[in-house]
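# Coordinate inspection notes
So the chains spell out like this:
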Amino acid sequence: MIEKYSFEFEVYNSADELQPNDKNLLQLAKDLAPTAYAPYSKFHVAAAAILQNGEIVKGTNQENASYPVGTCAERSLLGTVGALFPNEPIVTMAITYDNLNGTSDTPASPCGMCRQALREYETRTHQSIRLILAGKEGKVYIIPKAGMLLPLGFTSDDLK
Ligand code: THU
């Protein structure tokens, strides 16, 4: 037997094609990217999210001279939400980056660890997190549910 996994997502040619709310959230993240602490990789990542209660929370990557200590923008955002608005659902999160060493024109791709963290936040709050993924310019992807990026993921069910 073969099982197949697939998912659908929206593709836009540029941020100008987005709905105003989405465009604004992405712009907040883009404005934040220069403040990321990424002196080692020079890869500045920023995320901005709107919560169900209307609050906006942001995060950037926070690197460290001891490289593995660094935290991605998405997980720094999730940590802030968890501390300030525990269990508040996240409706939409925009993620972008500015690669000072190269190009920034393809949509951001959350790393595996962040996919795991996003997925658990969805489970915890019983609500999908819609992702807007973009570079500084170029195409924008909208993923309806972060967990779609982590098929066959490890969850608390596996610990039973
Ligand atoms: N990074 C993020 O902040 N988010 C991602 O989803 C991918 C990678 C950061 C980690 C590191 O500080 C830099 O980007 C280069 O990997």
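Above this text you will find the structure in question.
Parameters and conventions
Residues numbered from 1 in each chain as written. Predicted model: local features only at pLDDT ≥ 70, side-chain atom pairs only at ≥ 80, totals over all residues. Heavy atoms only, no water. Helix = DSSP H or I, 4+ residues; strand = E, 2+ residues; numbered from the N terminus. Buried < 20%, exposed > 50% of the residue type's maximum accessible area, 1.4 Å probe, protein only. Contact = heavy atoms within 4.5 Å. Lys, Arg positive; Asp, Glu negative; His and termini not counted. Salt bridge = Lys/Arg side-chain N within 4 Å of Asp/Glu carboxyl O. Near = heavy atom within 4 Å. Polar contact = N/O pair within 3.5 Å; in protein donor to acceptor, adjacent residues only side chain to side chain. Nonpolar A, V, L, I, M, F, W, Y, C, P; charged D, E, K, R; others polar.

Take the environment of C72 next. Here C72 shows up in the loop between β3 (56-60) and α2 (73-84). Note on C72: relative accessible area 23%, which makes it partly exposed. Along the backbone, C72 and D16 are 56 residues apart, and their C-alpha atoms lie at a distance of 26 Å. Setting aside its immediate chain neighbours within four residues, C72 contacts T60, N61, C111 and C114.

To continue, consider the side chain of R115. Considering the arrangement of structural elements, one finds R115 in helix α3 (residues 112-125). The charged side chain of R115 is buried without a salt bridge, its nearest counter-charge being E74 at 7.8 Å. Leave out the neighbours within four places in its chain, and R115 touches S109, P110, L149 and L150.

What follows deals with the site of the ligand. All residues in the neighbourhood of the ligand are listed as S41, F43, V45, N61, E63, C72, A73, E74, S109, P110 and C111. Between the ligand and N61 there is a distance of 2.9 Å, counted from an oxygen atom to a side-chain nitrogen or oxygen. In the model, an oxygen atom of the ligand is placed 2.5 Å from a nitrogen or oxygen of the E63 side chain. Counting residues per element, the ones that place at least two in the shell around the ligand are β2 (43-51) and α2. Its residues assigned to classes, the shell around the ligand comprises 6 nonpolar, 3 polar and 2 charged.

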